[in-house]
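# Breakdown of the fold
Listed below are the residues making up each chain.
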Amino acid sequence: MKGFIALSRKGNIALGRILLIALILAAFGLTGCGGKLGKIETSTVDTAIADADTAIAAAQAVDAPSLASDLFEAAKANLEAARTALTEKRGNDALRLAYQATADATVARMNSVNTTKNSELNASILQREAEAEALRHTLGNKERKLARVESEIKDIHKEEEQLNQKVRNLQKDNRQLRNSRETFGKQVAQLSETLEEIQGRAQRAEVEIGNYGKEIAALRRKLEVAERRVKEEGHQKRAVVSEIDSLRRQLREQAQIYTEKLAQANQQSSDAVHAEYLKQKAQEARSFVDSQPPLHPAKTGRISLSAEQIATGKAALGNWERAWHAKNLSGHLAYYEPNVIADKVVIRESKEQRSKIDLQQLESELHQMSANGWGKAKTDTEVEGESVIGIHRLTQLATPAADENATALYNIWIREVWMHQVGNDWKIHHEIWQIYENVPNF
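To start, this report covers the structure provided alongside it. (Residues numbered from 1 in each chain as written. Predicted model: local features only at pLDDT ≥ 70, side-chain atom pairs only at ≥ 80, totals over all residues. Heavy atoms only, no water.)

## Let's talk about the environment of Gln 434
Note on placement: Gln 434 falls in strand S6 (residues 425–439). For the pair Gln 434 and Asp 343, spaced 91 residues apart in sequence, the C-alpha to C-alpha distance is 8.5 Å. One polar contact links Gln 434 to Tyr 436, side chain to side chain, over a distance of 3.5 Å. (Helix = DSSP H or I, 4+ residues; strand = E, 2+ residues; numbered from the N terminus. Polar contact = N/O pair within 3.5 Å; in protein donor to acceptor, adjacent residues only side chain to side chain.)

As structure tokens, this is what we get:
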């Protein structure tokens, strides 16, 4: 960009030198013809004056009166002097002044065209830089979210592997328990057969009780011993059944834990869908706002302020902003013109509400806004015509995120102020508020 400006300046200098040499050569040529108009063709002077008129009109068409005022005024002055010299029949002077007016107007036109191109290129570069910064910010957020999701997926896979290992261990224990149960079942069957045999023998002994009293007593003692053994075996069997029930309960608990983990994974997927929904709603809100009539005049990129004026205007904008953050509302309001009218736009649930407020209403609104704790997010500065424009973005947390996977919602307040010079002071002649309620921090 700097190279383009330098090249344009070198081109202007070269053109000026060529025109100056042409004027000198023309003057020398005319001197040989004599200093009176009678020795110069009147048509030649008329043609030179007409060319100067054409050059001045071309310069005026590209806004040279404001963008190259010194050269433009010099061209007009030289043209007027050429006409005066023609009236006074000073041919050489008339021709020289007409050529000088043409040269001044041509250089003024080129300077104006270059200045306009520079302004347009500067605006385009600033817009591209802002878009690139927004893309970098979005990319950073996406990369952080991707890293977090990848980490969560790794944790889920790790927990899944641990649960699978526990299931395998429980299945192994269950197989061992089934084997033990089969063994105990066989033992119980054998004991049952033994009991039936003893009971049969007892019945037979009772028939022969008279003859076998001692044997029956002995058998009864054996029966008591056998019954105790049966009871002991039954107690062992109940212990095994209780252990199986305990393992089944553990399996149910582990299955419930695994189900909860799956539910959490599904919740994360649901949160991603919710984030996409919020993104879609934010896009709908921006599309709706873009479809509304413009709030401020179209920006042409033309600048009619000097570098010193632009610096002074930016300094006034900085003082205005510092007064706001210092909660010095009287100093903040001192920068407004008495008849200022502000446009207030509130965007809520993709619906836009517009209103116009005067200075008194603006003061009341600013008192309320000052108490709400707005944080500074970003500040930009532009120059348009005779105005220096400040664009200030403020944020306020509206709804915190429920967890790290949820999306926090904010209130976003964008203030665009137009300030121009009034005497030695800079005053705000227009302001635009755009307030987005409960939206992601776009």
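Once you've had a look at it, read on.
## Side note on helix H7 (residues 307–325)
Between the first and last C-alpha of H7 there are 27 Å, a value that for 19 residues agrees with the 27 Å anticipated at 1.5 Å per step. Looking only at H7, the buried set comprises Ile 310, Gly 313, Ala 316, Leu 317, Gly 318, Trp 320, Glu 321, Ala 323 and Trp 324. Once H7 finishes, Lys 327 follows within two positions and takes phi at roughly 60°, a positive value. (Expected span 1.5 Å × (residues − 1). Buried < 20%, exposed > 50% of the residue type's maximum accessible area, 1.4 Å probe, protein only.)

## Looking at the packing of aromatic side chains
For the coordinates displayed, the defined rule picks out 3 aromatic pairs. Here the aromatic rings of Trp 413 and Trp 433 are separated by 5.0 Å at their centres, their planes lie at 75°, and the arrangement is edge-to-face. You can see Trp 413 sitting in strand S5 (residues 409–422) and its partner Trp 433 sitting in strand S6, a full 20 residues away along the chain. For Trp 413, a relative accessible area of 0% puts it in the buried group. Linked through ring pairs, Trp 324, Trp 374, Trp 413 and Trp 433 together constitute an aromatic cluster. (Phe/Tyr/Trp six-rings, centres within 6.5 Å; stacked < 30°, edge-to-face > 60°.)

## Observations concerning the side chain of Ser 119
You can see Ser 119 is positioned in helix H5 (residues 91–207). Note on Ser 119: relative accessible area 11%, which makes it buried. Leave out the neighbours within four places in its chain, and Ser 119 touches Gly 301 and Ile 303. (Contact = heavy atoms within 4.5 Å.)

## Some words on the sheet that holds strand S3 (residues 375–384)
As summarised here, the arrangement of the 6 strands in space is S2-S1-S6-S5-S4-S3, forming an open sheet in which the pairing is mixed. Each of the sheet's edge strands pairs with one partner strand only, and the pair in question is strand S2 (351–357) and S3. Strand-to-strand twist in this sheet, taken as the mean axis angle between neighbours without regard to direction, amounts to 15°. Bridge count for S5 against S6 is 12 bridges, and the pairing is antiparallel. Bridge pairing in S6 places His 420 opposite Lys 427. Contacts between H7 and the sheet are confined to strand S1 (336–348), S3, strand S4 (387–399), S5 and S6, with S4 contributing the most and set at about 25° to the helix. Along the sheet, helix H9 (residues 359–370) makes contact with S1, S2, S5 and S6, crossing S1 at roughly 55°. (Pairing = 2+ DSSP bridges. Axes fitted to C-alpha atoms, helices over the stretch in contact; angles between N-to-C directions.)

## What to know about helix H2 (residues 42–61)
Every α-helix carries 3.6 residues per turn, so stepping three or four residues along brings you back to the same face. Its 20 residues place the ends of H2 29 Å apart at the C-alpha level, agreeing with the 28 Å of an ideal helix rising 1.5 Å per residue. For H2, the complete set of buried residues consists of Val 45, Ala 48, Ile 49, Ala 52, Ala 55, Ile 56 and Ala 59. The arc that holds the buried residues of H2, viewed along the axis, is 120°, so those residues lie on one side. Relative to its buried face, H2 has exposed residues pointing more than 90 degrees away, namely Thr 54 and Ala 61. Just downstream of H2, Asp 63 is the residue with a positive phi angle, here 70°. (Arc of directions from axis to C-beta.)

Any functional reading would require information beyond the geometric quantities listed.
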